[in-house]
Amino acid sequence: MIKTIIIERTTLNKIIRTAIKENRFLLNEVESKSLMKSFNIPVVKTELAQNVTEAKRIAKKMSFPLVMKIVSNDISHKSDVGGVILGINNLKEVESNYNSMLAKIKKINSEANISGISLQPMIEGGVELVAGVTRDKQFGPVLMFGLGGVFIEFMKDVSFKLIPLRKKDAKKMIGEIKSKEILNGARGFPKVNILNLEKILLDLSKFVEANPEIEEVDLNPIIANEKTIIAVDARIVLRK
Amino acid sequence: MTVNFNRLHTMLNPKTVVVIGEKGPNYQFLQAQNKYSGKLYSVQIDEKEIPGIESLGIKNYRSLEEVPGHIDLLIVAVPRQIAPLIASQAIQRKVNGIHFFTAGFEETGEEIGNKLQDDLMKILKDNDTPVIGPNCMGIYNKKLSLRFHQAQNFSSEHNTLKGLNLSLLSQSGTHGVNVTVGAQRKGINVARSISFGNALLVNECDLLEYLINDKSTDMIAFYLEGVKDGRRFLKLINSSKKPIIIWKGGRSKAGARAVASHTASMASNAVIWDQLIKDAGGISVNSLDELINVAILFNNQKYRVSNNLALITMTGGQSVAITDAFEDHGFIIPQLSNRSYKQLEKFYNVIGGSYRNPFDAGATINKEMDNFKRILDIIGKDNNIKGGLVIDINTRIYTDNVNEFKSFLKLLNSFRNKHKMPVILVIHTLTSTLTMTDRDDNSRENVSAETSQFATDQAFPVFNSFNDAARAMSLVASHKLDANI
């Protein structure tokens, strides 16, 4: 047990330390997920490929369909530049998409420093939720929960609570979003396991409590159903 | 830095006030104290100003040293360059507390302003002296007739106000005056108003803590643009048994940071503010009018507003409008029981009327005042109605026959006491006077104001529109139902 904690702290420090040393405050997807995982927050297994051969090797270990995403500290909104491809079904598609994605992005933004392309299994069959953290000027760190995916920008159906989050806060914030009936399986949506959801919110709060270096976290979307809950994208910003 | 609350108390309830450096021709602070019950002195060395001060009947001294006795409150109105010097002299003179009206410090963003504020801080920080300001209007205390603006009137009707004492803390002097005056007009006793400006030493949390423990304060209101210690602020709100109403200015998006993450872009100041204040058990409002409307409800709140309301209007159109307004604000307007409906159908005039809730009652009541009593009895005994009664008043009932209006209010008064439910009146200036074709618009306004005042004096909450009533009532109904810290 003690050993585990030491390992976690090492992983964490290394990612944060490296970023700070490189004068970066935005952690990339692979770094962000690795940090989340070390705090028991479920994230989709994601690996970085720096060339086509690596991409194919990683893909062989995963079960299709896959998702490929660009990993670059200079690209914040990946899907806006064609940096996200869903539903990759075989190794041939891995290879062709790897090359075309790189070519496309270099055309749009030739200056961008690209670390590679990440591969991860495509998760389907759940409700898309969001959990996040930001630091309010007056109140300090606050946690957000709401309906996620692309809907967050349009629906703005979210709730905020102070960090540290208590169990009753987690319950309350889940209950006070307008679309809470969706979580209960309304209108054919997959039912969400509320205990899993509470746990992810509480663990996210613990993560921020333990790491004062964190400025913002975005877990969007988190895909949840009755059995599982998992973040398929993660984005962490460090404090300046 | 902890505030000495004993000295703060003395400062906010002073027996001796000295105003230093005030200039004519207005002498705002000296003039505003023309009814102050304690001892008032001036300190001024400018020969040109002294005659003007003495002509007000106020004794002037040429230095703080010369002022006799203990000084509970020093109001500083000197130019900013000499504010630090006056601060040193005040400490030497063992002044109990200082209010700096003087402006021109960090709020200017100038280098000199920042430097002078730092200088003030250096002199004051290791001292026990409570300091309010700089850059603010300071202290209003109704009991002592200590004012910062002459508009903070004490006409005789204001001295007889019953109900709760409201105390206001304001980051703006203007709103400090406006809330005092506006609330008094609406029948609320404003015990204190404190404008605290840059909050160099005594800040909004210190003052809130003082008011939570203050015997002359029953409810607390704020005008704020921000708080220095958000966590302490929430804890204090949560600890308070007194209602706390907070009007926050600067809610627009411009204040929010331009950031890339979803969480931060959702987290506009106002969204987080409203949610955290509500969770702590405070009431967040968006304007002076809302602040006063909520205070009106607390002021007259022997019985708490809650859900499941009865609505009475005098016409069909109004009965639809009132129901829309209340349902839009989350209220349930339930049907009555079958038993009630059976009783109502015996006497109710259904040609041009309706009793389903909302009530369109004009025809039935006009026919016979006794019918109004019968309606109230039925509503009061109906278990479906729990949260209160809202009634739309046509001013005609007041202008036609004041005695009739009196007996009307008397019925409503016995209704609320018997059934332990609040009664809320709506007197809409435009529509309630429309039938007075013989009046010009000016006199319509007067009739409406008079009718409202008459009902306010009988301790009824009166609102100018269905929406105003519904909004304020919804804030009060949900207050502390789910406070959560």
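Residues numbered from 1 in each chain as written. Chains lettered and ligands numbered in written order. Predicted model: local features only at pLDDT ≥ 70, side-chain atom pairs only at ≥ 80, totals over all residues. Heavy atoms only, no water.

By size, the foremost hydrophobic cluster in this structure holds 100 residues, and its most contacted members are Ile132, Leu208, Phe233, Phe326 and Met473 of chain B. Beyond its immediate sequence surroundings of up to four residues, leucine 208 of chain B is in contact with Leu169, Ile220, Phe222, Phe233, Leu236, Ile237 and Ile244 of chain B. Core analysis: the second largest hydrophobic core is formed by 42 residues, Ala19, Val43, Leu202 and Val208 of chain A among them. (Core = buried A, V, L, I, M, F, W, Y, C linked by side-chain atoms within 4.5 Å. Buried < 20%, exposed > 50% of the residue type's maximum accessible area, 1.4 Å probe, protein only. Contact = heavy atoms within 4.5 Å.)

This brings us to the packing of helix H1 (residues 5-12) of chain B against helix H8 (residues 204-212) of chain B. Residues and elements named next belong to chain B. It is at 11 Å that the axes of H1 and H8 come closest, and there the two elements cross at 80°. In terms of orientation, H1 lies roughly perpendicular with respect to H8. Residues Phe5, Leu8, His9 and Leu12 of H1 touch H8, and the partners they reach there are Asp206, Leu207, Glu209 and Tyr210. (Axes fitted to C-alpha atoms, helices over the stretch in contact; angles between N-to-C directions. Helix = DSSP H or I, 4+ residues; strand = E, 2+ residues; numbered from the N terminus. Parallel < 35°, antiparallel > 145°, perpendicular 65-115°, else oblique.)

What follows is about the pattern of salt bridges. Residues and elements named next belong to chain A. Across all of its chains, the model carries 27 salt bridges over all chains by this definition. Note that arginine 166 is salt-bridged to aspartate 169, the shortest N-O span being 3.0 Å. Judged by relative accessible area, arginine 166 falls into the partly exposed class, the value being 32%. Judged by its relative accessible area of 4%, aspartate 169 falls in the buried class. The partner of lysine 206 in a salt bridge is aspartate 203, and the shortest N-O contact between them spans 3.8 Å. Here lysine 206 and its partner aspartate 203 are both found in helix H8 (residues 194-210), 3 residues apart, which amounts to about one turn of the helix. (Salt bridge = Lys/Arg side-chain N within 4 Å of Asp/Glu carboxyl O.)

Let's shift gears to the interface of chain B and chain A. Every contact between the two is made by 26 residues of chain B and, on the other side, 34 residues of chain A. The junction of chain B with chain A conceals about 2500 Å² of combined surface from both sides, 55% of it contributed by carbon and sulfur atoms. Across the contact surface, chain B and chain A share 2 salt bridges. For the pair chain B and chain A, the interface holds 10 residue pairs in polar contact (both at pLDDT 80 or more). Looking at the side of chain B that touches chain A element by element, the count peaks at 7 residues for helix H11 (residues 269-280) of chain B. A breakdown of the residues in the side of chain B that touches chain A according to their chemical character gives 12 nonpolar, 8 polar and 6 charged. (Buried area = accessible area lost by both parts, 1.4 Å probe. Polar contact = N/O pair within 3.5 Å; in protein donor to acceptor, adjacent residues only side chain to side chain. Nonpolar A, V, L, I, M, F, W, Y, C, P; charged D, E, K, R; others polar.)

Note that isoleucine 20 of chain A resides in helix H1 (residues 2-21). Sequence separation between isoleucine 20 of chain A and isoleucine 182 of chain A is 162 residues, and the spatial gap between their C-alpha atoms is 40 Å.

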